[in-house]
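# Survey of secondary and tertiary structure
Letter by letter, the chains look like this.
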Amino acid sequence: MRFKKTVASMFIIICFFKCTYAGQESFEWEKVLPETEGMSSQKLDAARDVLYEKGTKTFLVIRNDRIVYEWYAPDFGPEKKHYTASMAKALVGGVSLMLALNDGRLSADDLACKYIPEWKGHPQKSKITIRHLATHSSGIEDAEQGGIGHFELPGWKGQFWKQQPDPFTVSRDQAPVIFEPGMEYAYSNPGMAMLSYVVTASLKGTKHTDVRMLLRERIMRPIGVKDDDWSIGYGKTFEVNGLNLVANWGGGGYTARATARVGRLMLRRGNWQGRQLVDSKWVEEVTKYAGTPLPLSERSSGNPTPESGLGWWTNFDGVWPKVPRDAFAGAGAGNQVLLVVPSLDLIIVRNGSDMYDRSKGEGFWTGIEKHVFNPVMEAVTGPPYPASPVIKGIEWAPVETIVRRASGSDNWPITWADDDNQYTAYGDGWGFEPKTEKKLSLGIVRITGSPPDFKGINIRTETGERLGQGAKGAKASGMLCVDGVLYMLVRNTGNSQLAWSVDHSETWTWCDWKFTTSFGAPTFLNYGKNYTGAHDDFVYIFSHDSDSAYEPADRFVMARVPKDRIKQRSAYEFLQSLNGSNEPTWTKEIRDRGAIFINPQNCYRSGMSYNAGLKRYLWCQILPSSKDERGPRFQGGFGIYDAPEPWGPWTTVYYTQAWDVGPGETSSFPTKWISADGKTCRLLFSGDDCFSVRKVKFTLTE
């Protein structure tokens, strides 16, 4: 009886794992209209038309795990493989290296001669690390020469492509080192070949005798790619010194969806349908900037050449300005490309022929950026986060009911103080009537009463006021009152600075320290009167992740400080990450800060308040882009987002790219003007360069 129970239990377990594995393999994307996932059909159609003229065979766009666009040339189709060329350096070289790192078979900074004994006595090759090989900084000369075809090249370079006797022996023994390893950047196919050599050597003693088998068993089959949908290594395996070597620099063939599945695995940080195929830290390791020399010579010619990860290319420094900086790519001759953008949950695959014009001095990446990256980025529309589960809708009071005061002045961060007044600050203006005789870069105002009958009183303070226009003048970006003390965050001071007042703005004291990294336009989270209603003993600060208040960023960052130590720089901590339970991890090191909110190139100035009636944090964010040259003061859009905690998770209350009036460059919900039930508020915004107030009513989800 015990034996039967054991057999039955084993049968159930086996069936469970079979079903689980089958579920992973059977995953398929749903096809939807682009608008469903916040993209424009019209713009993607226009991109496709240009791509068709440029010799494109496949064009696949996936967002939020749905196919929003899939197109193939008339002589192509979803079941047909397209050659990868050097995109194999990522799909084969980068992924196989990632697995070896994951398994502890090697380290990126190991000397390659640990796995290549023939290099141990060589004065230069003995210094080459695995990182050098994976980033084209090994110094090993490339097997290229001007415009000569591969099979017409003389000497060892021709032998490499003709595979005589094999490309690995040629790369190991004949390819010279032309500079000190790690000191420069020079694209190298033989260097990448030696990366495959090293990874294969590290597999000794495992059941995977070559890179092809490693990828098939550990990656491709688990992610549901059929064996017929991909091939690598020119269909060959070379035996050298007992190693079964497979090319990783080219020679691959993948269907567009097979390529996209690899991209999906990387986007999801090694997780496939709940199964962690690779530790997320190694996905991050190979797709981030590897720290090796930059391709400055190629950039100096005006071509957008990215930095290298380990086998992948990365946009960490924004070499593709319209693409978020967390993006990474694989690419090869003929402008084959896979782009993965985690912050947009976006995957793009394009195959075909070269799209750049050599006669115009354009480089390899020019055509990809111009005809693939930029058009797809421009097709992204709509809010960056899903709809709020609490606030169903928003009703704006008619435009004619907007109250506008203090014309010619903007900014207006605001706080509710212990004396029941509100305190705010303006920039580049004269404040409320009667106006100041001089235009101030920074002026302080006391607000009494409630709309529509509120009043503003300019507070003249020598220690608080500042002169200077635009970026040359200090301006307030955050105001807060805690225990009767007013605190003011001031931007344009390189990067931002804190000041405080113990007498309700009559006099101000300025800290002797500044935020010099990021926090270019910081603002405080405001609770109720004199900070009542705060959920803990911390003060929270938010800013777009930029040194300048005038340059948008891909993300917002966050800091906190005990409310009784706001003046002490050493007391500040920065949000580093959130775990699966949405619990924050904090760090003292500002360089280790992480994102609290992501909206590529649309993170700009903002204001945050706690709505006690709804128990939701409301974050108003201005969109920096505007068709009006004068900026969003007179035309443009913004978003309102909400969350149950100061760090999220964020959802969308309202989003528009073109409000019915100019939203200004800052906005917030003053907590004094939020009703007890939280359903009625006033939006304070700097539209038309005024202290502008508009009534808002929220409709709640039942």
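Residues numbered from 1 in each chain as written. Predicted model: local features only at pLDDT ≥ 70, side-chain atom pairs only at ≥ 80, totals over all residues. Heavy atoms only, no water.

Tallying secondary structure elements over the chain gives 12 helices and 38 strands in all. Computed over the C-alpha atoms, the radius of gyration of the chain is 29 Å, within 12% of the 27 Å expected from 2.2 N^0.38 for a compact globule of 702 residues. In terms of its C-alpha atoms, the chain occupies a principal-axis envelope of roughly 90 × 70 × 50 Å. The burial tally for the chain puts 59% of its 702 residues in the buried class. The contacts in the chain between residues at least 6 apart in sequence include a share of 59% that link residues at least 24 apart. Roughly 27900 Å² of accessible area belongs to the chain as shown, and the carbon and sulfur atoms make up 50% of that amount. In the chain, the 82 positive side-chain charges and the 80 negative ones have mean positions that sit 3 Å from each other. (Helix = DSSP H or I, 4+ residues; strand = E, 2+ residues; numbered from the N terminus. Rg over C-alpha atoms; globule rule 2.2 N^0.38 Å. Buried < 20%, exposed > 50% of the residue type's maximum accessible area, 1.4 Å probe, protein only. Contact = heavy atoms within 4.5 Å. Areas by Shrake-Rupley, 256 points an atom, 1.4 Å probe, with all protein chains shown as cover. Lys, Arg positive; Asp, Glu negative; His and termini not counted. Charge placed at Lys NZ, Arg CZ, Asp CG, Glu CD.)

To continue, consider the packing of aromatic side chains. Summed over the entire model, instances satisfying the criterion amount to 51 aromatic pairs. Ring plane angle 65 degrees and centroid distance 5.5 Å describe the contact between Phe 168 and Trp 249, whose orientation is recorded as edge-to-face. With Phe 168 in helix α6 (residues 167-173) and Trp 249 in the loop between β7 (243-245) and β8 (253-254), the pair connects residues that are 81 residues apart, well separated along the chain. Since its relative accessible area comes to 0%, Phe 168 is described here as buried. Here the aromatic rings of Trp 412 and Phe 691 are separated by 5.0 Å at their centres, their planes lie at 85 degrees, and the arrangement is edge-to-face. With Trp 412 in strand β18 (residues 410-416) and Phe 691 in strand β38 (residues 691-700), this residue pair connects regions lying 279 residues apart in the sequence. Residue Trp 412 is classed as buried on the basis of its relative accessible area of 2%. Of the aromatic side chains, those joined through ring pairs into one cluster are Tyr 385, Phe 542, Phe 556, Phe 597, Trp 619, Tyr 641 and Trp 650. The positively charged end of Arg 264 is found above the aromatic ring belonging to Phe 27, 3.8 Å away from the centroid. The ring of Tyr 550 has Arg 605 sitting right over it, with the charged end atom 4.9 Å from the ring centre. (Phe/Tyr/Trp six-rings, centres within 6.5 Å; stacked < 30°, edge-to-face > 60°. Lys NZ or Arg CZ within 6 Å of the ring centre and 35° of its normal.)

The next thing to look at is helix α10 (residues 280-287). When we look at burial in α10, the residues that qualify are Val 283, Glu 285, Val 286 and Thr 287. The inward-facing, buried residues of α10 contact α3 (88-102), α4 (130-134), α9 (256-267), β12 (313-314) and β13 (328-332).

With that settled, consider the side chain of Ser 138. Looking at the secondary structure, you find Ser 138 in the loop between α4 and α5 (155-162). Overall, the relative accessible area of 1% leaves Ser 138 in the buried class. Here the side chain of Ser 138 touches Ile 140 through a polar contact of 3.2 Å, landing on its backbone nitrogen. Not counting the four nearest positions on each side in its chain, Ser 138 is found in contact with Ile 128, His 132, Leu 133, Val 177, Phe 179, Pro 181 and Gly 191. (Polar contact = N/O pair within 3.5 Å; in protein donor to acceptor, adjacent residues only side chain to side chain.)

Membership of the largest hydrophobic core comes to 117 residues, with the highest contact counts inside it found for Leu 215 and Leu 339. Here the element with the most residues in this core is α3; it accounts for 10 residues. Setting aside residues no more than four positions away along its own chain, Leu 215 makes contact with Leu 91, Val 92, Val 95, Ser 96, Leu 99, Met 220, Trp 230 and Ile 232. Core analysis: the next-biggest nonpolar cluster, separate from the first, contains 45 residues, Cys 511, Leu 525, Leu 575 and Leu 623 among them. (Core = buried A, V, L, I, M, F, W, Y, C linked by side-chain atoms within 4.5 Å.)

Relative to the helices and strands, Ser 477 resides in strand β22 (residues 475-482). Counting along the chain gives 107 residues from Ser 477 to Lys 370, while the straight-line C-alpha distance between them is 36 Å. Those residues in contact with Ser 477 that sit more than four places away from it in its chain are Pro 413, Leu 489, Val 490, Arg 491, Ala 521, Pro 522 and Thr 523. A polar contact is formed between the side chain of Ser 477 and the backbone oxygen of Pro 522, at a distance of 2.5 Å.

Once that is clear, we can look at helix α8 (residues 211-220). Note that an α-helix has 3.6 residues per turn; residues three or four places apart therefore point the same way. For α8, the set of buried residues is Val 211, Arg 212, Leu 214, Leu 215, Ile 219 and Met 220. Buried residues along α8 cover an arc of 155 degrees about the axis, so they all sit on one side. Those residues of α8 that are buried lie in contact with α3, α7 (189-202), β5 (230-231), β8 and α9. Here α8 starts with a cap whose side-chain oxygen sits 3.0 Å from the backbone nitrogen of Arg 212, and that cap is Asp 210. (Arc of directions from axis to C-beta.)

Going from Glu 433 to Pro 434, the amide bond is cis rather than trans, its omega being -10 degrees. Mapped onto the elements, Pro 434 comes out in the loop between β19 (422-427) and β20 (443-448). Look at the link from Gly 494 to Asn 495: it is a cis peptide, with omega at -5 degrees. Phi is positive for Asp 420, which is not a glycine, with a value near 75 degrees.

This brings us to the pattern of salt bridges. In total, this model carries 40 salt bridges according to the counting rule given. Where Arg 593 meets Asp 545, a salt bridge forms, and the shortest distance between an N and an O atom there is 2.9 Å. In this pair, Arg 593 is assigned in the loop between β30 (584-587) and β31 (597-603) and Asp 545 in the loop between β27 (538-544) and β28 (553-562), connecting sequence segments 48 residues apart. Of the two residues examined, Arg 593 and Asp 545, each falls in the buried class. One salt bridge connects Arg 694 with Asp 660, and the closest N-O pair in it is separated by 2.8 Å. One end of the pair, Arg 694, is in strand β38; the other, Asp 660, is in the loop between β35 (651-656) and β36 (667-668), with 34 residues separating them in the sequence. Owing to a relative accessible area of 47%, Asp 660 belongs among the partly exposed residues under this scheme. A cluster of three or more residues bridged by salt bridges with shared partners is formed by Glu 28, Lys 31, Glu 70, Arg 257 and Arg 261. (Salt bridge = Lys/Arg side-chain N within 4 Å of Asp/Glu carboxyl O.)

The three strands lie next to each other as β4-β8-β5, forming an open sheet whose pairing is antiparallel. Two strands in the sheet have a free side with no partner beyond their single neighbour: β4 (82-83) and β5. (Pairing = 2+ DSSP bridges.)

Before going further, it helps to spend a moment on the pairing of β30. Note that strand β29 (residues 573-578) and β30 share four bridges and pair antiparallel. Paired with Leu 575 across the strands is Trp 586, a residue of β30. Counting the residues between successive antiparallel strands, the hairpin from β29 to β30 contains five residues, one of them, Asn 582, with a positive phi of roughly 65 degrees.

What follows covers the sheet that holds strand β24 (residues 496-501). Within the open sheet, the four strands sit side by side as β22-β23-β24-β25. Their pairing is antiparallel. If you trace the sheet from one side to the other, it starts and ends with β22 and β25 (509-515), each paired once. Within this sheet the neighbouring strands show an average axis-to-axis angle of 20 degrees, counted without direction. As paired strands, strand β23 (residues 485-491) and β24 are joined by six bridges and run antiparallel to one another. (Axes fitted to C-alpha atoms, helices over the stretch in contact; angles between N-to-C directions.)

This brings us to the pairing of β23. Buried residues dominate β23, accounting for seven of its seven residues. A two-sided burial pattern is seen for β23, the buried positions comprising Val 485, Tyr 487, Leu 489 and Arg 491 on one face and Leu 486, Met 488 and Val 490 on the other. Summarising the sheet, β22 and β23 pair through seven bridges and their orientation is antiparallel. Note on β23: the bridge partner recorded for Leu 480 is Tyr 487. The hairpin turn running from β23 into β24, its antiparallel successor, is four residues long, and Asn 492 in that turn takes a positive phi close to 65 degrees.

The subject of this paragraph is the environment of Tyr 655. Of note, Tyr 655 is situated in strand β35. On the accessibility criterion, Tyr 655 (19% relative accessible area) is buried. Aside from chain neighbours lying at most four places away, what touches Tyr 655 is Gly 382, Pro 383, Pro 384, Leu 623, Phe 638, Gly 639 and Tyr 641. At 3.3 Å, the side chain of Tyr 655 forms a polar contact with the backbone oxygen of Gly 382.

These figures capture arrangement, not role.
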